[in-house]
Amino acid sequence: MYKVFFNDRIVLLTDDFIRNFQVRYGLFYKYRNVDDLKELIDFYWNLKRIDTLFIFHHDLDELQERFKSCFQVVEAAGGLIRNLKDQYLIMKRRGKWDLPKGKVNVDETIPEAALREVTEECGITGLEITTRLISTYHCYYFEEKSILKRTSWFEMVYRGNENPIPQRDEDITEIRWIRKEDMGEITRNTYLGILDVLKY
């Protein structure tokens, strides 16, 4: 199953209709062709009261490719940073708690982009990637184009003692180090994709 976020709503691509239909609520659609799929996506953008859209097809990989073809795909990368005190870095962007992330440049690898974005957005250096985490998918409109952003997430360790500095021109207003047991405040005011990263 593939999960795609439409702001605070979800599209799930799956090959198991019966299991999902029995235990979940939402709008259910069986994939037929790309033209119908594009029309469905446009329709779903305007359905504010329906939180979840399920799209079914027997070949999940094919369905994912057809779904991606309806968008301009953007690659991004970000980090979940832990320090030596076993605290995690969290930042506030546009009023919600978030993790550092951004688009991958054409001349860099995805891990390089993740390290660069953390340094730029948080003002700390000397980070080391320890684990590749999950990828999250998020849809949005930009300049009248439908964008599907895939963000590859990495766990990183920070061994330094620099004070993080928020990148103000990216609308970051606050950065904190927080212990895992104090994450409740964060999870109550963050994005669904960030919740998935934290849960993972």
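Fair warning: this is a prediction, and the values are worked out from it, not measured in the lab. (Residues numbered from 1 in each chain as written. Predicted model: local features only at pLDDT ≥ 70, side-chain atom pairs only at ≥ 80, totals over all residues. Heavy atoms only, no water.)

A. The overall build of the protein, seen in detail. Counting its secondary structure elements, the protein contains six helices and 11 strands. Against the 2.2 N^0.38 benchmark of 16 Å for 200 residues, the protein shows a C-alpha radius of gyration of 18 Å, consistent with a compact globule. The C-alpha extent of the protein, read off along each of the three principal axes, is 55 × 40 × 30 Å. Within the protein, buried positions represent 45% of all 200 residues. Pairs at least 24 apart in sequence give 69% of the contacts found in the protein among residues at least 6 apart. Summed over its atoms, the accessible surface of the protein is roughly 11,400 Å², and 47% of this surface lies on carbon and sulfur atoms. One finds the centroid of the 31 positive side-chain charges in the protein at a distance of 4 Å from the centroid of its 34 negative side-chain charges. (Helix = DSSP H or I, 4+ residues; strand = E, 2+ residues; numbered from the N terminus. Rg over C-alpha atoms; globule rule 2.2 N^0.38 Å. Buried < 20%, exposed > 50% of the residue type's maximum accessible area, 1.4 Å probe, protein only. Contact = heavy atoms within 4.5 Å. Areas by Shrake-Rupley, 256 points an atom, 1.4 Å probe, with all protein chains shown as cover. Lys, Arg positive; Asp, Glu negative; His and termini not counted. Charge placed at Lys NZ, Arg CZ, Asp CG, Glu CD.)

B. Molecular detail of the pattern of salt bridges. Going through the model one piece at a time under the given rule, you end up with 18 salt bridges. Its salt-bridge partner being Lys68, residue Glu65 comes within 3.6 Å of it at the nearest N-O pair. Of this pair, Glu65 and Lys68 both sit in helix α3 (residues 60-68), three residues apart, which is roughly one turn of that helix. Relative accessible area serves as the criterion here: at 27%, Lys68 is assigned to the partly exposed category. The partner of Glu121 in a salt bridge is Arg93, with the nearest N and O atoms 2.9 Å apart. A residue pair is termed long-range when its members are at least 10 positions apart, and Glu121 in helix α4 (residues 110-122) and Arg93 in strand β6 (residues 87-93) qualify at 28 residues. (Salt bridge = Lys/Arg side-chain N within 4 Å of Asp/Glu carboxyl O.)

C. Representation of the environment of Thr52 in the model. Summarising the element assignment, Thr52 is placed in strand β4 (residues 52-56). A sequence separation of 74 residues divides Thr52 from Gly126, and the C-alpha atoms of the two residues are 40 Å apart.

D. View of α4. Taking 1.5 Å of rise per residue, 13 residues should cover 18 Å, and α4 covers 18 Å from first to last C-alpha, within 8% of that figure. Residues of α4 that are buried: Ile110, Ala113, Ala114, Arg116, Glu117, Val118, Glu121 and Cys122. The secondary structure elements touched by the buried residues of α4 are β5 (72-83), β6, β8 (101-103), β9 (127-142), β10 (145-158) and β11 (172-179). Directly after α4, the chain includes Gly123, whose backbone phi takes a positive value near 70°. (Expected span 1.5 Å × (residues − 1).)

E. Up close: the nonpolar core. Formed by 22 residues in total, the largest nonpolar core has its most connected members in Phe6, Val11, Leu37, Ile55 and Phe67. Looking at which element gives the most residues to this core, the answer is helix α2 (residues 34-45), with five residues. The residues contacting Ile55, other than those within four sequence positions of it, are Val11, Leu12, Leu13, Thr14, Tyr29, Tyr31, Leu37, Leu40, Leu63 and Phe67. One finds Val118, Phe154, Tyr158 and Ile175 within the second-largest nonpolar core, a separate group that totals 16 residues. (Core = buried A, V, L, I, M, F, W, Y, C linked by side-chain atoms within 4.5 Å.)

F. A look at the side chain of Gln87. In this structure, Gln87 sits in strand β6. Residue classification places Gln87 among the buried residues on the basis of a relative accessible area of 19%. Excluding its chain neighbours within four sequence positions, the residues that come into contact with Gln87 are Ile81, Arg82, Trp177, Ile178 and Arg179.

G. Representation of the pairing of strand β2 (residues 9-14) in the model. Along β2, six of the six residues are buried, which leaves the element largely enclosed by surrounding structure. Along β2, one buried face is formed by Arg9, Val11 and Leu13 and the opposite face, lined by Ile10, Leu12 and Thr14, is buried too. Relative to β2, strand β1 (residues 2-6) runs antiparallel, the two sharing five bridges. Bridged to Val4 within β2 is Val11. Counting the residues in the hairpin turn of β1 and β2 gives two residues, including Asn7, whose phi is positive at 55°. Where β2 lies against β4, five bridges are found, and the strand directions are parallel. Within β4, the residue paired with Thr14 across the bridge is Phe56. (Pairing = 2+ DSSP bridges.)

H. Main features of the side chain of Glu155. Here Glu155 is to be found in strand β10. A residue is classified by how much of its surface remains accessible, and Glu155, at 16% relative accessible area, is buried. Ignoring anything within four residues of it in the chain, the contact list for Glu155 reads Leu80, Arg82, Tyr88, Glu128, Ile129, Thr130, Thr131 and Leu133.

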